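Tertiary structure, described
Take a look at the letters that make up each chain.
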Amino acid sequence: MNRYVGLIFCLFIIFGAISHVGFNYYYDILSFLFVIGGCAGYGLLKNQKNKFISNCGNGAVYFGWFGMLIGIIALTAGKWNNWGDIDKTGNALSIAFLPLFYGYIIKLITLVFKRN
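Rules and cut-offs
Residues numbered from 1 in each chain as written. Predicted model: local features only at pLDDT ≥ 70, side-chain atom pairs only at ≥ 80, totals over all residues. Heavy atoms only, no water. Helix = DSSP H or I, 4+ residues; strand = E, 2+ residues; numbered from the N terminus. Buried < 20%, exposed > 50% of the residue type's maximum accessible area, 1.4 Å probe, protein only. Contact = heavy atoms within 4.5 Å. Areas by Shrake-Rupley, 256 points an atom, 1.4 Å probe, with all protein chains shown as cover. Phe/Tyr/Trp six-rings, centres within 6.5 Å; stacked < 30°, edge-to-face > 60°.

Okay, the overall build of the chain next. The secondary structure content of the chain amounts to four helices and zero strands. Starting at the N terminus and walking to the C terminus, you meet the elements of the chain as α-α-α-α. The C-alpha extent of the chain, read off along each of the three principal axes, is 50 × 35 × 15 Å. When burial is assessed residue by residue, the chain has 30% of its 116 residues classed as buried. Taking the intrachain contacts of the chain between residues at least 6 apart in sequence as the baseline, contacts between residues at least 24 apart amount to 70%. When the accessible surface of the chain is split by element, carbon and sulfur atoms take 69% of a total near 7900 Å².

Turning to the side chain of Ser31, a few remarks are in order. For Ser31, the position within the fold is in helix H2 (residues 29–46). In contact with Ser31, other than residues within four places in its own chain, are Ile95, Leu98, Pro99 and Tyr102.

Another aspect to go through is the packing of aromatic side chains. Applying the stated criterion across every chain yields a total of seven aromatic pairs. On the basis of an interplanar angle of 80 degrees and a centroid distance of 5.2 Å, the ring pair of Tyr42 and Tyr62 is categorised as edge-to-face. Taken together, the positions of Tyr42 in helix H2 and Tyr62 in helix H3 (residues 52–76) put the pair 20 residues apart, joining distant regions of the chain. The exposure class assigned to Tyr42 is buried, which follows from its relative accessible area of 16%. Taken together through their ring pairs, the aromatic side chains of Tyr26, Phe32, Phe101 and Tyr102 make up a single cluster.

What is shown is where atoms sit, not what they do.
Right, dumping it as structure tokens:
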């Protein structure tokens, strides 16, 4: 029971901070799908049925980092011709960090459901 209360408390704090900034800055479906796909794939890759949830949480963090690195490389390589334009660069940089954010949120949620 304490796990669920702790999760709700943590998510309440996170969403409270997000609501202060604005939810529209934290939404990118492609980043989310990238992390969810990596999460599930890593859970299956480890091939440990008794630790599937824990492995999914770890995979979410790993793919969050991969997604951020891919986003920063695309940003600095000028993929969308945004380098030097502070408005475009700022938006692209914020999106580049979203996979990492999603990965840690998923990891936090999986902590509640993992088997001891």
